[in-house]
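# Commentary on secondary and tertiary structure
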Amino acid sequence: LPHNFRSTAEKSPKPLKQTLTMTATLTVYLDKITNLCDGDTLGKSDPYVKFELEQDNMLFDKDFGDQKSTKKKDELNPEYGETFTFELPSNLGLNNMVLTCKVMDDDMLMDDKIGQCKIKLEDLDLGSDELGVDRVVDNNWFCKDARIYLKLKYETD
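Keep in mind that what you see is a predicted model, and the values were worked out from it rather than measured. (Residues numbered from 1 in each chain as written. Predicted model: local features only at pLDDT ≥ 70, side-chain atom pairs only at ≥ 80, totals over all residues. Heavy atoms only, no water.)

Moving on, we get to the overall build of the protein. Looking only at helices and strands, one finds 0 helices and 8 strands in the protein. Out of the 157 residues in the protein, the part that is buried amounts to 33%. Excluding contacts between residues fewer than 6 apart, the proportion of contacts in the protein whose partners are at least 24 apart in sequence is 61%. When the accessible surface of the protein is totalled, it reaches about 10,600 Å², and 49% of it is carbon and sulfur. (Helix = DSSP H or I, 4+ residues; strand = E, 2+ residues; numbered from the N terminus. Buried < 20%, exposed > 50% of the residue type's maximum accessible area, 1.4 Å probe, protein only. Contact = heavy atoms within 4.5 Å. Areas by Shrake-Rupley, 256 points an atom, 1.4 Å probe, with all protein chains shown as cover.)

See below:
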């Protein structure tokens, strides 16, 4: 062959290696929190929620990220109506998956933790239909326990 012509067999591109990773989505709908005790000495609390998703393993935990809600100014019974999504490999399922919900008070210098709960997702019967979940986030001695109200959904591609 002349030098400017080459056989396609010589330079055929290598097939692309395809790795199909199926993903799953955990959807967290934050409805509201009730009965927060006022932790601020000046004014009311300005609560927001920080969600953290991790796989709680014996030796090494695997982190799947965190997300924050909006802050509610001077509110002890905040209503949110906010949705958060976490993407994770579907081959893991919900085995050892823990959703931590930290209720924080937005302050000028440093945010204070009002309360928290941990939800073991494998203990719930999660699927494509929303499941209502509520948990105590602050055991109060002098007022009612604060509770967080969520709707959770787990879908695979």
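Okay, back to it.
To continue, consider the nonpolar core. In globular proteins that are soluble, nonpolar side chains generally tend to be buried together. Among the nonpolar cores identified, the biggest contains 32 residues, and Phe51, Leu99 and Leu121 are the most heavily contacted of them. Not counting chain neighbours up to four residues away, the residues in contact with Leu99 comprise Val28, Phe51, Glu52, Leu53, Phe86, Cys117, Lys118, Ile119, Leu121 and Leu152. (Core = buried A, V, L, I, M, F, W, Y, C linked by side-chain atoms within 4.5 Å.)

Another aspect to go through is the pairing of strand S4 (residues 79-89). In regular strands, side chains alternate between the two faces of the sheet. In S4, alternate side chains face the same way, and those of Tyr80, Glu82, Phe84, Phe86 and Leu88 are buried while those of Glu79, Gly81, Thr83, Thr85, Glu87 and Pro89 on the opposite face are not. Here 9 bridges tie strand S1 (residues 23-34) to S4, and the two strands are oriented antiparallel to one another. Of the residues in S4, the one forming a bridge with Thr25 is Glu87. (Pairing = 2+ DSSP bridges.)

Opposite charge on two side chains allows them to pair when their charged atoms are near. Counted according to the given criterion, the structure contains 5 salt bridges. The partner of Glu52 in a salt bridge is Lys102, with the nearest N and O atoms 3.5 Å apart. Of this pair, Glu52 sits in strand S2 (residues 47-55) while Lys102 sits in strand S5 (residues 97-105); the two residues are 50 residues apart in sequence, bridging distant segments of the chain. Residue classification places Lys102 among the partly exposed positions, given a relative accessible area of 23%. For Asp106, the salt bridge goes to Lys71, with nearest N and O atoms at 3.9 Å. (Salt bridge = Lys/Arg side-chain N within 4 Å of Asp/Glu carboxyl O.)

Here we come to a negative patch on the surface. Taken together, the side chains of Glu87, Asp129, Glu130, Glu155 and Asp157 define an acidic patch exposed on the protein surface. On the secondary structure map, Asp157 appears in the segment after strand S8 (146-156). Look at Asp157 and you get exposed, because its relative accessible area is 62%. (Patch = residues over 30% accessible without salt bridge, like charges linked within 9 Å, V, L, I, M, F, W, Y side chains within 5 Å. Lys, Arg positive; Asp, Glu negative; His and termini not counted. Charge placed at Lys NZ, Arg CZ, Asp CG, Glu CD.)

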